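Examining the three-dimensional arrangement
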Amino acid sequence: MNEDLIKIRRFLKERLQRDYTTLHGHEMERENVRQLLLRTAELGESNSLLLIGPRGSGKTTLINAVLADLVPSADFQQNTILVHLNGNLHTDDKLALKSITVQMQLENAANGKAFGSFAENLAFLLACLKSGNKRSKSVIFILEEFDLFCSHHNQTLLYNLFDVSQSAQAPICVLGATCRLDVIELLEKRVKSRFSHRQIFLFPTANTFETYLDRFETLLSIPHEKELKQAAERVSQLKLLNSDELTIHRNHFNPAKYKFNKKYIESWNNSIAVLIDDNKSAVVAALQTFFEIDKSESFLKVLLFRLVAQLDPNSQPRITAEQVCEIIATYTVDPRVELLCGLSVLELCLVIAIKHHSEIYDRDPFNFEIIFARFAKFAKVSTTMQGIERAVSLKAFERLRHMEMILPISSVVGKVQKDFEMHRLALTYGQINDAVQKYQALPTEVAQWAQSSII
Ligand code: ATP
Ligand code: MG
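The paragraphs below set out a description of the structure included in this document. (Residues numbered from 1 in each chain as written. Chains lettered and ligands numbered in written order. Predicted model: local features only at pLDDT ≥ 70, side-chain atom pairs only at ≥ 80, totals over all residues. Heavy atoms only, no water.)

1. Observations concerning the overall build of the protein
Using the following cut-off: By the criteria applied, helices consist of DSSP H or I runs no shorter than four residues and strands consist of E runs no shorter than two, each listed in order from the N terminus. As defined in this context, the radius of gyration uses C-alpha atoms, and a globule is described by 2.2 Å times the residue total to the power 0.38. Each residue is placed in one exposure class: buried if its accessible area under a 1.4 Å probe, protein chains only, is under 20% of its type's maximum, exposed if it is over 50%, and partly exposed if it falls in between. In this analysis, two residues are considered to be in contact whenever any of their non-hydrogen atoms come within 4.5 Å of each other. A 1.4 Å probe and the Shrake-Rupley method give the accessible areas. Residues count as covered only by the protein chains that appear here. Neither His nor the chain ends contribute to the count of charged residues, in which Lys and Arg are positive and Asp and Glu negative. By convention, charge coordinates are those of NZ in Lys, CZ in Arg, CG in Asp, or CD in Glu.
Per the secondary structure count, the protein includes 23 helices and 7 strands. Taking 455 residues into account, the globule formula puts the C-alpha radius of gyration at 23 Å, and the protein, at 32 Å, lies well above it. Principal-axis analysis of the C-alpha atoms places the extent of the protein at approximately 100 × 65 × 40 Å. The buried share among the 455 residues of the protein stands at 46%. Of the contacts made within the protein by residues no fewer than 6 positions apart, 75% connect residues no fewer than 24 positions apart. Here the protein displays about 23300 Å² of accessible surface, and carbon together with sulfur accounts for 51% of that area. Here the protein contributes 53 positive and 53 negative side-chain charges, whose respective centroids are spaced 4 Å apart.

2. Digging into the site of ligand 1
The condition is simple: Nearness is judged by heavy atoms alone; a residue qualifies as near a molecule or strand once a single heavy atom is within 4 Å of it. Identification of polar contacts relies on pairs of N or O atoms within 3.5 Å, with a donor-acceptor requirement for protein atoms, meaning one able to donate a hydrogen and the other able to accept it, and with residues adjacent in sequence counted only if both atoms are side-chain atoms. Residue type decides the class: Asp, Glu, Lys and Arg count as charged, Ala, Val, Leu, Ile, Met, Phe, Trp, Tyr, Cys and Pro as nonpolar, and the leftover types, Gly among them, as polar.
If you check the shell around ligand 1, you find 15 residues, and the closest are His24, Arg55, Thr60, Thr61 and Lys301. Lys59 has a polar side-chain atom sitting 2.8 Å from an oxygen atom of ligand 1. Considered on its own, ligand 1 offers 630 Å² of accessible surface; in the complex 81% of this is hidden by protein. A per-class count over the shell around ligand 1 returns 2 nonpolar, 9 polar and 4 charged.

3. Side note on unusual backbone geometry
Phi is mostly negative for residues that are not glycine, and the peptide bonds are mostly trans. Its identity is not glycine, yet Asn154 carries a phi of approximately 60°, on the positive side. Counting through the fold element by element, Asn154 comes out in the loop between helix H8 (146-149) and helix H9 (156-166). Among the residues examined, Asn154 registers a relative accessible area of 43% and is labelled partly exposed. The backbone of Asp362 sits at a positive phi, close to 55°, despite the residue not being glycine. Mapped onto the secondary structure, Asp362 falls in the loop between helix H19 (345-360) and helix H20 (368-381). Judged by relative accessible area, which is 67%, Asp362 ranks as exposed.

4. Here's the deal with the environment of Ser193
Among the structural elements, Ser193 can be located in the loop between helix H11 (189-192) and strand E5 (199-201). Between the alpha carbons of Ser193 and Tyr159 there is a distance of 9.6 Å; along the sequence they are 34 residues apart. Here Arg190 takes part through its backbone oxygen, which lies 3.1 Å from a polar atom of the side chain of Ser193.

5. With respect to the pairing of strand E2 (residues 80-86)
Side-chain direction in a regular strand flips from residue to residue, so the side chains alternate between the two faces of the sheet. Put simply, the test is: Two strands are said to pair when DSSP picks up at least two bridges between them.
Buried residues dominate E2, accounting for 6 of its 7 residues. Where E2 lies against strand E3 (residues 138-144), 7 bridges are found, and the strand directions are parallel. Opposite His84, over in E3, you have Ile142 as the bridge partner.

6. Some thoughts on the packing of H20 against helix H23 (residues 444-451)
Spelled out, the test is: Orientation is described by lines fitted to C-alpha atoms, with helices fitted over the stretch in contact, and by angles between N-to-C directions that extend from 0 to 180 degrees. Small angles under 35 degrees read as roughly parallel and large ones over 145 as roughly antiparallel, with 65 to 115 read as roughly perpendicular and the rest as oblique. The crossing is said to be left-handed when, going from far helix to near helix, the turn is anticlockwise and less than a right angle, and right-handed when the turn is clockwise.
Packing of H20 against H23 leaves a shortest axis separation of 11 Å and a crossing angle of 130°. Taken together, H20 and H23 sit at an angle that is classed as oblique. Seen from above, H20 lies across H23 with right-handed handedness. Facing Arg374, Phe375 and Phe378 of H20, the residues of H23 in contact are Glu445, Val446 and Trp449. Classifying every residue of the contact of H20 with H23 by side-chain character gives 4 nonpolar, no polar and 2 charged.

7. So, the packing of aromatic side chains
Heads up, the condition is: Note on ring pairs: Phe, Tyr and Trp rings are taken, using the six-membered ring of Trp, and paired if centres are within 6.5 Å. Classes follow the plane angle, with under 30 degrees stacked, over 60 edge-to-face and the rest tilted. Cation placement over rings: the criterion is NZ of Lys or CZ of Arg within 6 Å of the ring centroid and within 35° of the ring normal.
Counting across every chain of the model gives 18 aromatic pairs. Between Phe290 and Phe299 the ring centres are 4.7 Å apart and the planes differ by 10°, which places this aromatic pair in the stacked class. Among the aromatic residues, those joined into a ring-pair cluster are Phe11, Phe253, Tyr258 and Phe260. Against the face of Tyr159 rests Arg190, its NZ or CZ located 4.5 Å from the ring centre. A cation over a ring is seen here: Arg363 above Tyr429, with NZ or CZ 4.8 Å from the ring centre.

8. A word on the pattern of salt bridges
Note the threshold: Basic side-chain nitrogens of Lys or Arg form a salt bridge, by our definition, when they fall within 4 Å of a carboxyl oxygen of Asp or Glu.
All told, the structure shown has 16 salt bridges when counted by the stated rule. Here Glu45 makes a salt bridge to Arg39, at a shortest N to O gap of 3.0 Å. Overall, Arg39 belongs to the partly exposed group, its relative accessible area being 28%. The salt bridge partner of Glu347 is Arg399, with a shortest N-O separation of 2.5 Å. Here the residue Glu347 occupies a position in helix H19, and Arg399 occupies one in helix H21 (residues 390-402), the gap between them amounting to 52 residues. The exposure class assigned to Glu347 is buried, which follows from its relative accessible area of 6%.

Remember that the coordinates give geometry; whether it matters functionally is a separate question.
Next comes the structure, spelled out in structure tokens:
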């Protein structure tokens, strides 16, 4: 067994799935968020901020990356508490408050106390943080799926958080992440007026194809020992975070587990580099297609995961060019061609007859009579299609119509006899040719007939 390969496969899979803190690009936005959190932690400033961007644009990754930067500093650890809320989990304000209490480790203090209102409860929690004569700890609230909190009754949670953040009761920072661009419109007036209106928009980085190829290579390569060590240190420091609801240190990808054989790594990294070495190679062309479908990093990661998952010490020890092309081809299939490949041979023969008719008469409409006459001529000389009854062919013709491969041209249904109703073709010749080539076990004579209408 090839132990090295198994290790590499596990490493790459884990990194592709669970590396939440490595952010690529977005330097400005990252620095902004960092500064904001730092000011809350060190100076006790209160702030609120919304991070807005489409799904998979890296909002969560950005927040985690910033936290991973900040958390190792002892100062930050002493002065701040992190509270993670998620709109999908905390579906009403009561649940949210409960979770806030737990994450602030104040269950004991709040136990058995009765609070009149939400605001009182929150004020109590924040007051608990003011220990002795020292200034209060700062709290950073991270609200994932922020838009969902807007549908809570009276938006009480948001109102209170924003109210505290702008009235200097206690140093808190409210950081929301959402994929709704119109999120500000969802806020009630009194909530909106308490929000600082700081918004950061994250859009998928307008990558060039060169950087995309670069990402392809980096994400599949194994880093050198030194880098691995650094990454491992970062992760181990993340473990110091206090909150146990934090996603980033639960199950976080930990490179410390991996020790690689140097020689094998070198040859592995080489094999990856060779894939995209030549600008005119098939892999680069395929990746270009893939890039044009979707430029986002998350989409690329899914592709890479599929590649890595296929690695196998016995049959597939390296990622090969054919494999990359094959997987990318599955993203570009034409559903009409797939549909054509699922037809019976008789139905496909009718489609071919329609194609010949359309080619000869410049896409003139046709009816069943015309097509059947053409098909019958072929059937007479063929060995496989002989003796097919007219009624059976009509049924097949109707099925083509059901699947909308041919469309009736008049809207009046039922006036004309079925055999004479005029139709037009709703496929391109290219699609038909592709299907004929791809069709499994198509009789040779049919394939030949598809090429030329002369029998
Ligand atoms: P959602 O709105 O669904 O919460 P999100 O904006 O939080 O999406 P993430 O979960 O951060 O998106 O990112 C999705 C995937 O894309 C992750 O695997 C992440 O690593 C990757 N990703 C997206 N953008 C980047 C980037 N700039 N750098 C590194 N990885 C990225
Ligand atoms: Mg997210």
